[in-house]
Amino acid sequence: MLEKTPVEFDKVDRALHMLKGNSSSVGASKVVNEVIRMRDLIEEKNLESCNATYEQLKKDHDELRKKMEAYLELQKQVKAAEKPPQDDDDQEPVSGTESS
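A brief report on the enclosed structure follows.

### Observations concerning the overall build of the protein chain
For the protein chain, the count of helices and strands is three helices and zero strands. Ordering the α and β elements of the protein chain from the N terminus gives α-α-α. A total of 100 residues make up the protein chain; the buried ones form 19% of that total. Taking the intrachain contacts of the protein chain between residues at least 6 apart in sequence as the baseline, contacts between residues at least 24 apart amount to 45%.

### Here we look at a nonpolar patch on the surface
Together, Val 26, Met 68, Tyr 71 and Leu 72 give the surface a local cluster of nonpolar side chains, amounting to about 360 Å² of exposed area. Examined against the element boundaries, Leu 72 turns out to sit in helix H3 (residues 47-82). Among the residues examined, Leu 72 registers a relative accessible area of 46% and is labelled partly exposed.

### Regarding the pattern of salt bridges
Throughout the structure, instances matching the rule amount to nine salt bridges. The partner of Lys 66 in a salt bridge is Asp 62, with the nearest N and O atoms 3.4 Å apart. Here Lys 66 and its partner Asp 62 are both found in helix H3, four residues apart, which amounts to about one turn of the helix. Overlapping salt bridges, with partners in common, bring together Asp 62, Arg 65, Lys 66 and Glu 69 in one network.

### Section: the packing of helix H1 (residues 9-25) against helix H2 (residues 29-43)
Close contact between H1 and H2 brings their axes to 9 Å; oriented N to C, the two are set at 160°. Looking at the two axes, H1 sits roughly antiparallel to H2. As H1 packs across H2, the resulting crossing turns out to be left-handed. Along the contact surface, H1 presents Phe 9, Val 12, Asp 13, Leu 16, His 17, Leu 19, Lys 20, Ser 23 and Ser 24, while H2 presents Val 31, Val 32, Val 35, Ile 36, Met 38, Arg 39 and Ile 42. In terms of residue class, the contact of H1 with H2 is built from ten nonpolar, three polar and three charged.

### A short note on H2
With 15 residues, H2 should reach 21 Å at 1.5 Å per residue; the first-to-last C-alpha distance of 21 Å fits that figure. Residues Val 31, Val 32, Glu 34, Val 35, Met 38, Leu 41 and Ile 42 constitute the buried set of H2. In this fold, the buried residues of H2 make contact with H1 and H3.

### A word on the environment of Lys 20
With respect to the secondary-structure elements, Lys 20 resides in helix H1. As for Lys 20 and Glu 34, which are separated by 14 residues in sequence, their C-alpha atoms are 9.0 Å apart. Those residues in contact with Lys 20 that lie beyond four places of it in its chain are Val 32, Val 35, Ile 36 and Arg 39.

Cut-offs used in this document
Residues numbered from 1 in each chain as written. Predicted model: local features only at pLDDT ≥ 70, side-chain atom pairs only at ≥ 80, totals over all residues. Heavy atoms only, no water. Helix = DSSP H or I, 4+ residues; strand = E, 2+ residues; numbered from the N terminus. Buried < 20%, exposed > 50% of the residue type's maximum accessible area, 1.4 Å probe, protein only. Contact = heavy atoms within 4.5 Å. Patch = residues over 30% accessible without salt bridge, like charges linked within 9 Å, V, L, I, M, F, W, Y side chains within 5 Å. Areas by Shrake-Rupley, 256 points an atom, 1.4 Å probe, with all protein chains shown as cover. Salt bridge = Lys/Arg side-chain N within 4 Å of Asp/Glu carboxyl O. Axes fitted to C-alpha atoms, helices over the stretch in contact; angles between N-to-C directions. Parallel < 35°, antiparallel > 145°, perpendicular 65-115°, else oblique. Left-handed = near helix turned anticlockwise from the far one by under 90°. Nonpolar A, V, L, I, M, F, W, Y, C, P; charged D, E, K, R; others polar. Expected span 1.5 Å × (residues − 1).

Below you can see the structure in the form of structure tokens.
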């Protein structure tokens, strides 16, 4: 969005607003702080500083994404470990395969 000329600051600001809310909901304070900083720069129409802040925001977001992926993978492992194994002897026979 920042590569377009002229920059559509309103669209960038709306996207940042959503990112701020989503990041806040998971406690991603580094991302939230960079979003706030960038939104302030957008209000000032300071494109040069916006680009530098955008690069930092991308790094922080990528770090957050990696941490969230690792967290979700751990959640899957915990869920799999908590799931009791199914015993084949306890299952009812499928109709039509019973012996007489």
